[in-house]
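Tertiary structure, described
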Amino acid sequence: MKKVIVIGGGIAGLSAGIYARSSGFDVTILESHSIAGGNCTSWKRKRYLFEGGMHWLSGSSEKDSLHKIWRHVGALDDGVKIHYPEPFIEYIHMGTPVKFYRDVAVTEKHLISLSPKDEKEIKRMCKNIRRVRNLSMPVTDISGVKATKKMHPPITLLFSALSAIYLIKSFSGVSREDYINRFSHEGLRNLIRSCTNDKSGVAPLFFTMGTLARGDGGFPEGGSLPFVERIVKKYTALGGTILYNTRADRVLVENGKATGVMAGGERMPTDAVIISADTMAIDQLFETPPRAVWLDEMHKVTEPTMVVLISLGVDASLKNYPRAFIFKLDKPIVLASETYAYLSVNNYAHDPHYSSEGKTALTIQLGGDTYDFWKKAKEENRYKEEKQKLAEEVIKALAGHISEIDGRIEVCDVATPLTYERYCGNWKGSWMTEMTPTMKMKIYPSAMKGLSGLYFAGQRLMPPGGLPVALLTGRTAVQYLCRDTGTMFISED
Ligand SMILES: Cc1cc2nc3c(=O)[nH]c(=O)nc-3n(C[C@H](O)[C@H](O)[C@H](O)COP(=O)(O)OP(=O)(O)OC[C@H]3O[C@@H](n4cnc5c(N)ncnc54)[C@H](O)[C@@H]3O)c2cc1C
């Protein structure tokens, strides 16, 4: 039985571990943290649980091709309830909610009733959502791999892919503000503005709404932690080993072949290494960092998605507020070079996993590249102070809209890009790649020419990344491993 070491026990590493183990390899995952999951995680503070990863899952629906793969790795099964809360998000405009529903027909009707003047443009927007609603991520096999069962993406996916290309092309030259100016209703304009960002434009909104419109993008009950625990259970039941608190320091390369890993001063010999840690941050793992054209390209074009996540434990039930809502700030919050005119709130009052009855866990995400700001604050010993200052500003703004929180905050936790960097070792603490209108939908290889026995998996290998990409790239890395070693890839049933 050939030995494989997987660096990293996030979703990509666990997926690689499961496929490699079921295909007959002797697998050890090295995970630097005390638990698995990487960015797909949540954390407990006092009696609150804060969701720091998954918000919606592509492949939650049985109709989606990814669903089978999530089941194969144990993340989903018949016992896991998936929630599809409606509306998906709402913007509170002068007391009136403007909503995006999962059901595109309901969204269309709702928005037209709010703003009959915008009927034509609302219909166009919903048409664009419908264009891509059948677009799911293709599950395919690499050429030349022997597999127990071949995966063939349905031919209909080709038509959806063509619609997607059309949509990306049509919106590549349209700025977010240009698009928003097509609408007259201030609340609708603000809803679109707050669900998109300047850099990426509006196309990602159609894709997200398209996923929801086909009945996908649900939330598995309990969120990230139990989701990951189920995958780990599957992996260990197959006989895989996972070593926690074990950071891989070096990949050992001899004569153009990966032969082992150094971890905690110990040399661990192996036949192959799969790196699932962020591909943008692999240099430190090598004495001589590997070079490849695709790696240079990745470094040149990758724009990081990062977040400051402010989590609040409130000693009050906020069940009368929506699950996800956005409101405009009276005074924008300025952080580094970012200006936040809106706050987007996830309200877990409706979910007993996140707090006890009568209490509420809230999370607020502030996107944008604030990495250098936090790095400097840390160097100048102002990090804690800056976090506190930001939290106070956010709480004050929130209290203006949710009076119940006034004086009722029991827990306040601020995670910055530095937190994610420390926790997962990701480049700039970034957990996805920003899709910009000019970016090509590039799929990077899972192996490197001239360096045998070394494979890559993880969110960075296919923009925009996220859980589905982590899942699929773990699977693909093992297909390369199987092909190179003449091993049968054991496919999903
Ligand atoms: C706030 C937030 C919200 C999100 N929402 C969603 C969502 O709704 N839907 C969605 O699809 N995605 C979402 N994502 C993105 C998604 O969580 C990530 O893209 C995905 O989990 C990445 O998985 P990965 O395995 O590729 O990488 P990671 O999660 O980064 O895992 C890498 C693992 O490797 C370990 N590691 C790194 N270096 C070493 C080393 N040298 N030795 C040993 N171990 C090492 C790390 O500790 C980590 O466990 C969200 C992320 C965040 C942070």
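Before reading on, note that the structure itself is shown above.
In short, a report on the structure. No experiment lies behind these values; they were computed from the predicted model shown.

Let's shift gears to the pairing of strand S12 (residues 266–269). Pairing geometry for strand S11 (residues 257–263) and S12, over four bridges, is antiparallel. Its bridge partner being in S12, Val261 is matched across the sheet by Met268. The loop that links S11 with its antiparallel partner S12 comprises two residues; one of these, Gly264, has a positive phi angle of about 55 degrees.

A word on the pairing of strand S17 (residues 338–347). Pairing geometry for strand S16 (residues 324–335) and S17, over eight bridges, is antiparallel. Looking across to S17, one finds that Ala324 is bridged to Asn346. Here S16 folds back onto S17, and the loop between the two strands holds two residues, one of which, Ala336, carries a positive phi near 50 degrees. Pairing of S17 with strand S18 (residues 360–367) involves three bridges; the strand directions are antiparallel. Note that in S18 the partner of Val345 across the bridge is Ile364.

Bringing unusual backbone geometry into the picture now. Glu86 connects to Pro87 through a cis peptide bond whose omega is -10 degrees. Position of Pro87 among the secondary structure elements: in the loop between strand S5 (82–83) and strand S6 (89–93). Phi angles above zero are rare outside glycine, and Ala336 is one such case at about 50 degrees. Note on placement: Ala336 falls in the loop between S16 and S17.

Bringing the nonpolar core into the picture now. Of all hydrophobic cores here, the largest spans 67 residues; its most connected members are Ile129, Met209 and Leu343. When residues are assigned to domains, this core turns out to be shared by domain 2 (113–138 + 150–214) and domain 3 (307–429), each giving three or more. In this view, Leu343 contacts Ile326, Phe327, Leu329, Ile364, Val394, Ala397 and Leu398; residues no more than four positions away in its chain are not counted. Grouped together as the second largest cluster of nonpolar side chains are 63 residues, Val27, Ala75, Ile242 and Tyr480 included.

A separate point is the sheet that holds S16. Taken in spatial order, the seven strands make up an open sheet running S7-S6-S16-S17-S18-S15-S19, and their pairing is mixed. Across the chains shown, the open sheet's two edge strands, defined by having one partner strand only, are strand S7 (96–100) and strand S19 (409–415). Adjacent strand axes in the sheet meet at a mean angle of 30 degrees when their direction is disregarded. Pairing of strand S15 (residues 307–314) with S18, which is carried by eight bridges, proceeds in the antiparallel orientation. Across the sheet, residue Val307 finds its bridge partner in S18, namely Gly367. Contacting S6, S7, S16 and S17, helix H7 (residues 186–194) crosses the sheet at an angle of about 135 degrees to S6.

Moving on: the site of the ligand. Neighbouring residues of the ligand: 38 residues in total, closest Gly8, Gly10, Gly38, Ala277 and Gly466. Counting residues per element, the ones that place at least two in the shell around the ligand are helix H1 (11–22), S15, helix H13 (417–424) and helix H14 (467–485). Two domains share the shell around the ligand, each providing at least three of its residues, namely domain 1 (3–41 + 221–303 + 436–485) and domain 3 (307–429).

Let us now look at H13. Residues three or four positions apart in an α-helix share a direction because the helix packs 3.6 residues into each turn. For H13, the complete set of buried residues consists of Pro417, Leu418, Tyr420, Glu421 and Cys424. One face of H13 carries all of its buried residues, which in axial projection span an arc of 160 degrees. Against helix H11 (371–379) and S19 lie the buried residues of H13. Where H13 ends, the next residue or the one after it, Gly425, has phi of about 70 degrees, a positive value.

Their axes nearest at 10 Å, the elements helix H3 (residues 104–114) and helix H4 (residues 119–131) cross at an angle of 170 degrees. Put simply, H3 runs roughly antiparallel to H4. Considering only the axes of H3 and H4, their crossing is right-handed. Contacts from Val104, Thr107, Glu108, Leu111 and Ile112 of H3 reach H4 at Glu119, Ile122, Lys123, Cys126, Ile129 and Arg130.

Cut-offs used in this document
- Residues numbered from 1 in each chain as written.
- Predicted model: local features only at pLDDT ≥ 70, side-chain atom pairs only at ≥ 80, totals over all residues.
- Pairing = 2+ DSSP bridges.
- Helix = DSSP H or I, 4+ residues; strand = E, 2+ residues; numbered from the N terminus.
- Core = buried A, V, L, I, M, F, W, Y, C linked by C-beta atoms within 7 Å.
- Buried ≥ 20, exposed ≤ 12 C-beta atoms within 10 Å, placed from the backbone.
- Domains from an automatic or database assignment.
- Contact = placed C-beta atoms within 7 Å.
- Axes fitted to C-alpha atoms, helices over the stretch in contact; angles between N-to-C directions.
- Near = placed C-beta within 6 Å.
- Arc of directions from axis to C-beta.
- Parallel < 35°, antiparallel > 145°, perpendicular 65-115°, else oblique.
- Left-handed = near helix turned anticlockwise from the far one by under 90°.

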